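# Breakdown of the fold
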Amino acid sequence: VLALVLSWITGGIGISLGFHRLLTHKSFEVSRPLRWLIAWLGGMAGEGSAIHWVADHRRHHANSDQPGDPHSPRDGAWWSHMLWFVPKTNRVHNESYHRRWVPDLVRDPVFVFLDRTFIYWHIALGLGLFFAGQALGGAAMGWSFVVWGMFVRLLFVLHTTWLVNSAT
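None of the values given here were measured: they were computed from a predicted structure.

What counts, and at which threshold
- Each chain carries its own residue numbering, running from 1 in the written order of its sequence.
- Given that the model is predicted, a residue must reach a pLDDT of at least 70 before its local features are reported, and side-chain atom pairs must reach 80 or more before they are shown or counted; all residues, however, enter totals for whole chains, interfaces and linings.
- Side-chain metrics in this entry use all non-hydrogen atoms of the structure; hydrogen atoms and water are not considered.
- A helix here means a DSSP run of H or I that spans at least four residues, while a strand means a run of E at least two residues long, and both kinds are numbered starting from the N terminus.
- One less than the residue count of a helix, multiplied by 1.5 Å, gives the span that helix is expected to have.
- At every residue, the bend is computed as the angle between two fitted axes, covering the seven residues ending there and the seven beginning there respectively.
- Buried means the residue's accessible area, taken with a 1.4 Å probe over protein chains only, is under 20% of the maximum for its type, while exposed means over 50%, and partly exposed covers the values in between.
- The criterion used for residue contact is that any of the two residues' heavy atoms lie within 4.5 Å.
- When a carboxyl oxygen of Asp or Glu lies within 4 Å of a side-chain nitrogen of Lys or Arg, that pair is called a salt bridge.
- A pocket, in this scheme, is an open set of points on a 1 Å grid over the protein atoms alone with protein on both sides within 12 Å along at least 5 of 7 lines, while a cavity is a set where a 1.4 Å probe fits but cannot get out; residues line either one if an atom lies within 4 Å of a point.
- Grid points are joined across faces, edges and corners, and a volume is the space filled by probe spheres set on the points.
- Charged means Asp, Glu, Lys or Arg here, nonpolar means Ala, Val, Leu, Ile, Met, Phe, Trp, Tyr, Cys or Pro, and polar covers whatever is left, Gly included.
- Nine residue types can take part in a nonpolar core, namely buried Ala, Val, Leu, Ile, Met, Phe, Trp, Tyr and Cys, and a core is a set of them joined through side-chain atoms within 4.5 Å.

### Looking at helix H9 (residues 139–167)
With 29 residues, H9 extends 40 Å from end C-alpha to end C-alpha; this agrees with the ideal 42 Å at 1.5 Å per step. Along its length, H9 reaches its greatest deviation from straightness, about 30°, at arginine 153. Within the sequence span of H9, burial applies to Gly142, Phe145, Val146, Gly149, Met150, Arg153, Leu154, Val157, Leu158, Thr161, Trp162 and Asn165. In this structure, the buried side of H9 is in contact with helix H1 (2–24), helix H4 (77–81) and helix H8 (118–137).

Take a look at the structure:
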């Protein structure tokens with residue numbers, strides 16, 4: 001239940017509604033605090049910060065299935081499914097890439113903060129899940145919360161999202 005609920009919150013609300021419809025395509029508008037909250041939820045899906053995810057997706061739409069598409073199926077099934085997710089880049093490349101594809105997001109200090117603190121939020125969630133589980137049923141329950149709420153959930157959300165690329 002924990003994995004399913006957190007998958008829906010981080011993948012459904014964070015990625016599908018937030019990163020994709022709200023930030024990439026600007027299909028609707030919300031208040032700035034709600035926009036930041038949804039971006040944080042999307043970051044908790046493990047697919048990168050809003051800045052990087054939206055940059056990749058805008059680039060994808062600009063170059064769909066052509067050279068320059070970050071996850072083109074023309075580059076192979078494994079590449080389009082998940083290998084595209086771990087290309088070798090560095091901070092200088094990312095800053096230039098982000099300025100090119102998401103200038104609106106890099107101007108917002110909250111989005112920059114979420115980008116720079118991306119991994120720390122996952123560590124905090126893992127600790128929070130452990131301590132919540134421990135409070136409810138001891139250390140075994142704490143570790144169960146971490147396994148289901150972090151690892152199983154992340155595998156499910158990541159592969160579900162990646163399946164959109166590789167299956168289509």
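So, next bit.
### Looking at the environment of isoleucine 9
Here isoleucine 9 is to be found in helix H1. Residue classification places isoleucine 9 among the partly exposed positions, given a relative accessible area of 24%. Between the C-alpha atoms of isoleucine 9 and arginine 32, which are 23 residues apart in sequence, the distance is 19 Å. For isoleucine 9, the contacting residues outside a window of four places in its chain are Gly14 and Leu41.

### Observations regarding the pattern of salt bridges
For side chains of opposite charge, pairing can occur when their charged atoms come near one another. Under the defined criterion, the tally for this structure stands at three salt bridges. Residue aspartate 104 pairs with lysine 26 through a salt bridge whose shortest N-O separation is 3.6 Å. Here the residue aspartate 104 occupies a position in helix H6 (residues 103–106), and lysine 26 occupies one in the loop between H1 and helix H2 (32–43), the gap between them amounting to 78 residues. Under the relative-accessibility criterion, lysine 26 is labelled exposed at 53%. Between aspartate 108 and arginine 32 there is a salt bridge, with the nearest N and O atoms lying 3.5 Å from each other. Placement of aspartate 108 in the loop between H6 and helix H7 (109–116) and of arginine 32 in helix H2 is noted, with a sequence separation of 76 residues between them. Judged by its relative accessible area of 9%, aspartate 108 falls in the buried class. Residues participating in the shared-partner salt-bridge network are Lys26, Arg58 and Asp104.

### Points about empty space enclosed by the protein
One pass over the structure, following the stated rule, counts one cavity of 30 Å³ or more. Considering only enclosed or pocket space, the largest cavity measures out at about 60 Å³ in volume. Ala39, Trp40, Gly43, Met44, Ser49, Ala50, Leu114, Phe118, Trp121 and His122 are the residues that line the largest cavity. For the lining of the largest cavity, the secondary structure elements donating two or more residues are H2 and H8. Considering only residue class, the lining of the largest cavity consists of seven nonpolar, three polar and no charged.

### Remarks on the nonpolar core
Counting residues in each nonpolar core, the largest one holds 19 residues, and the members touching the most others are Phe19, Leu23, Ala39, Leu105 and Phe111. Elements represented by at least two residues in this core include exactly H1, H2, helix H3 (50–62), helix H5 (91–101) and H7. The element that contributes the greatest number of residues to this core is H3, accounting for five residues. Among all residues touching leucine 23, those that are not within four sequence positions of it are Gly18, Arg35, Ala39, Ala50, Val54, Arg58, Leu105 and Phe111. Counting residues in hydrophobic clusters, the runner-up holds seven residues, among them Leu129, Phe130, Phe145 and Val146.

### Some details on the environment of leucine 125
Assignment of secondary structure puts leucine 125 in helix H8. For the pair leucine 125 and methionine 150, spaced 25 residues apart in sequence, the C-alpha to C-alpha distance is 8.0 Å. Those residues in contact with leucine 125 that lie beyond four places of it in its chain are Met44, Met150 and Arg153.

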